[in-house]
Amino acid sequence: MLRTTLMASLATHGVAWSRAARFGAVRSSAWRARSSVRRAAVAEPKIGTTEEGADDSERYRDTVLLPSTEFSQRANAVKREPELQKWWEEQGIYERLWERAPGPKFTLHDGPPYANGDLHIGHALNKVLKDFINRYRMLRGNKVRYVPGWDCHGLPIELKVVQSLQAEAKKAAKKGETRQALSALELRAKAAEFARETVGKQRTAFKRYGVWGDWDAAYLTLQPEYEAAQLGVFAAMFEKGHIYRGRKPVWYSPSSRTALAEAELEYPDGHVSPSVYAALEVVEVAPCVAEFAEKLKLAVWTTTPWTLPANLAVAVGADLEYAVAEIGDGTRLVVARALVESLAEKFGSEEARVLATFRGEELARGTRYARPVVNGAGPHGAVVVGGDYITAEGGTGLVHTAPGHGLEDYATGAKHGLEPFSPVDA
């Protein structure tokens, strides 16, 4: 019914529609002349057609005004991006921007990636964001020269080489062949060869990302001139007294027999660190607890019980409030005042009686205790003031401190003249 009514209305107003269409065509011609944009030709609508099965889309298609352009509706990046990048390179766009830039020089100091494998999303994020910065500086008129580089030394590259050699050895073993182990110099030569090959692959990928830079003048840390420059800088630092020899705890891999960065550590899924509470017997007391010296112990909590043999100190917060609390069978524990009730409940005691309160700084004035394991570091440890990592939000408020394990403990120990003691035989 609606269709019949609509068609009748169109037939009745056919003349008006024709005039409107012709007027539209005139306006379209004028607009086309002014804008120099080609437009689709306008035809008079076929008004009044009542043939059965007529297609409405065909009937009104020619009345729609649409622009005509050679600009593709699809990005087609797989084809177009290499063409654009090739044009940039042929026209020397990067170099010309440097030559014509009126502003001062801008250098982005970029930490080089390892030459140990194909690029991943982390590389893409890193380099593309830095390219944003360089291009922004170009738009601001700076002279920008980005010199990329690669770190070609270290364990990641050597591990890749060793893994490939192990795979080759397995194949040879299946054939009944044996491979002779490489010497240290031969392994280094293999690693250098692998690094150079990887640099070539990564350079091609970075350029494909569209990152601008002096890719043909990149530096490699294995280049003799780079190594010589490093030695020169090191010598200058040594002469100025900036280089010294000391000991500090580092992450270590027993299987690789080398130090590790914290970023290289991975914990297995479901890993849980066991925690323990320990009560350390006080053998020398500060004035603030002298009255309660009998049966007095320091309560500590740690998630690394395997470091207890390396304990040298118990750290407290200088301004935290501590208490001597009598719990259970008359044992007197030094804990953070805010944790007395919760700790009594954990230790299975119905109540805890607070005998005295004092600040951590007062407790650190002469309090000493028996170390949990007597070994090469002597029988006693000291209560010392630690850093802002000590709180009353958990644990006991007193922190077991092993300067030979962990940077926070090391820093606290260094502040109080404690050596980074570690009884672990690496």
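Rules and cut-offs
- Residues numbered from 1 in each chain as written.
- Predicted model: local features only at pLDDT ≥ 70, side-chain atom pairs only at ≥ 80, totals over all residues.
- Heavy atoms only, no water.
- Pairing = 2+ DSSP bridges.
- Helix = DSSP H or I, 4+ residues; strand = E, 2+ residues; numbered from the N terminus.
- Axes fitted to C-alpha atoms, helices over the stretch in contact; angles between N-to-C directions.
- Buried < 20%, exposed > 50% of the residue type's maximum accessible area, 1.4 Å probe, protein only.
- Phe/Tyr/Trp six-rings, centres within 6.5 Å; stacked < 30°, edge-to-face > 60°.
- Lys NZ or Arg CZ within 6 Å of the ring centre and 35° of its normal.
- Expected span 1.5 Å × (residues − 1).
- Patch = residues over 30% accessible without salt bridge, like charges linked within 9 Å, V, L, I, M, F, W, Y side chains within 5 Å.
- Areas by Shrake-Rupley, 256 points an atom, 1.4 Å probe, with all protein chains shown as cover.
- Salt bridge = Lys/Arg side-chain N within 4 Å of Asp/Glu carboxyl O.
- Contact = heavy atoms within 4.5 Å.
- Arc of directions from axis to C-beta.
- Lys, Arg positive; Asp, Glu negative; His and termini not counted.
- Charge placed at Lys NZ, Arg CZ, Asp CG, Glu CD.
- Parallel < 35°, antiparallel > 145°, perpendicular 65-115°, else oblique.
- Nonpolar A, V, L, I, M, F, W, Y, C, P; charged D, E, K, R; others polar.

Trainee: How should the sheet that holds strand β9 (residues 313-316) be read in this particular structure?
Mentor: To summarise the sheet geometry, strands pair through backbone hydrogen bonds and adopt either a parallel or an antiparallel arrangement. Strand order in the open sheet made by the 9 strands is β12-β10-β11-β8-β7-β13-β14-β9-β15, with mixed pairing throughout. Strand pairing shows two members of the sheet lacking a second neighbour, β12 (352-359) and β15 (399-401), which therefore form its edges. Pairwise comparison of adjacent strand axes, ignoring direction, gives a mean angle of 35° for this sheet. Judged from the 6 bridges that link them, strand β7 (residues 276-284) and strand β8 (residues 296-302) form a sheet pairing that is antiparallel. Counterpart to Leu-280 in the pairing with β8 is Leu-298.

Trainee: It is not clear to me how the pairing of β8 should be interpreted in this structure. Could you clarify?
Mentor: One face of the sheet, then the other: side chains in a regular strand alternate in exactly this way. Within β8, 5 of the 7 residues are buried, which leaves it mostly tucked inside the rest of the structure. In terms of strand pairing, β8 meets strand β11 (residues 331-336) through 3 bridges, oriented parallel. The residue bridging Lys-297 from the neighbouring strand is Leu-333, located in β11.

Trainee: So what exactly am I meant to see when it comes to the packing of aromatic side chains here?
Mentor: Two aromatic rings, taken as a pair, are described by how far apart their centres are and by the angle between their planes. Per the counting criterion, the structure on display carries 10 aromatic pairs. On the basis of an interplanar angle of 40° and a centroid distance of 6.3 Å, the ring pair of Trp-150 and Phe-206 is categorised as tilted. Linking Trp-150 in strand β3 (residues 149-150) with Phe-206 in helix α8 (residues 184-208), this pair joins segments that are 56 residues apart in sequence. Accessibility classification places Trp-150 together with Phe-206 in one group, the buried group. Owing to a relative accessible area of 1%, Phe-206 belongs among the buried residues under this scheme. An aromatic cluster is present here, built from Tyr-146, Trp-150, Phe-206, Tyr-209 and Trp-215 joined pairwise through their rings. One residue, Lys-127, lies across the ring of Phe-206, its end atom 4.9 Å from the ring centre. When the ring centre of Trp-98 is taken as reference, the NZ or CZ atom of Lys-143 above it lies at 5.2 Å.

Trainee: What should I look at first to understand helix α4 (residues 77-91) in this one?
Mentor: At 3.6 residues per turn, the α-helix brings residues three or four places apart onto the same side. With 15 residues, α4 extends 20 Å from end C-alpha to end C-alpha; this agrees with the ideal 21 Å at 1.5 Å per step. At the C-terminal side of α4, Gly-92 shows a positive phi close to 65°.

Trainee: Sorry if this is basic, but what is going on with a nonpolar patch on the surface here?
Mentor: Among the surface-exposed residues, Leu-125, Leu-129, Phe-132 and Ile-133 lie close enough to one another that they form a single nonpolar patch of about 400 Å² accessible area. Of the residues examined, Ile-133 reaches a relative accessible area of 40% and is grouped as partly exposed.

Trainee: It is not clear to me how the environment of Ala-191 should be interpreted in this structure. Could you clarify?
Mentor: Tracing the backbone shows Ala-191 in helix α8. C-alpha separation for the pair Ala-191 and Glu-158, spaced 33 residues apart in sequence, amounts to 5.8 Å. Sequence-distant contacts of Ala-191, that is, excluding residues within four places in its chain, are made with Ile-157 and Val-161.

Trainee: What am I meant to see in the environment of Ala-124 here?
Mentor: By the secondary structure assignment, Ala-124 is in helix α6 (residues 121-139). Owing to a relative accessible area of 14%, Ala-124 belongs among the buried residues under this scheme.

Trainee: Where do I start with helix α12 (residues 407-415) in this structure?
Mentor: Turning to α12, its buried residues number three or more, namely Asp-409, Thr-412 and Gly-413. Angular distribution of buried residues about the axis of α12 spans 100°; they occupy a single face of the element. Facing away from the buried side of α12, by more than 90 degrees, are the exposed residues Leu-407 and Lys-415. The secondary structure elements touched by the buried residues of α12 are β9, β14 (378-385) and β15. Looking one or two residues beyond α12, the residue adopting positive phi is Gly-417, at roughly 75°.

Trainee: Looking at this structure, how should I read the environment of Phe-132?
Mentor: Mapped onto the fold, Phe-132 is located in helix α6. On the basis of relative accessible area, Phe-132 is assigned to the exposed category, the value being 52%. A C-alpha to C-alpha distance of 10.0 Å links Phe-132 and Trp-212, two positions 80 residues apart in sequence.

Trainee: So what exactly am I meant to see when it comes to a positive patch on the surface here?
Mentor: A cluster of basic side chains, namely Lys-170, Lys-171, Lys-174 and Lys-175, defines a positive patch on the protein surface. By the element assignment, Lys-170 lies in helix α7 (residues 155-174). By relative accessible area, Lys-170 is classed as exposed at 59%.

Trainee: It is not clear to me how the packing of α7 against α8 should be interpreted in this structure. Could you clarify?
Mentor: Relative orientation and spacing of two packed helices are given, respectively, by the angle between their axes and the distance between those axes. Relative to each other, α7 and α8 sit at 105°, their axes nearing to 9 Å. Between α7 and α8, the angle falls in the class roughly perpendicular. Within the contact between the two elements, α7 uses Ile-157, Lys-160, Val-161, Val-162 and Leu-165 and α8 uses Leu-187, Lys-190, Ala-191, Phe-194 and Ala-195. When grouped by side-chain class, the residues that make up the contact of α7 with α8 number 8 nonpolar, no polar and 2 charged.

Trainee: What is the right way to read the pattern of salt bridges from this model?
Mentor: Where charged atoms from two side chains of opposite charge come close, those side chains can pair. One pass over the structure, following the stated rule, counts 14 salt bridges. Across the pair Asp-110 and Lys-127 runs a salt bridge, and its minimum N-O distance is 3.0 Å. With Asp-110 in the loop between β1 (105-106) and α6 and Lys-127 in helix α6, this residue pair connects regions lying 17 residues apart in the sequence. For the pair Asp-110 and Lys-127, a shared accessibility class is recorded, and that class is buried. Between Arg-332 and Glu-326 there is a salt bridge; the shortest N-O distance is 3.7 Å. In this structure Glu-326 comes out as partly exposed when scored by relative accessible area, which is 21%. The network of salt bridges with common partners includes Lys-79, Arg-80 and Glu-83.

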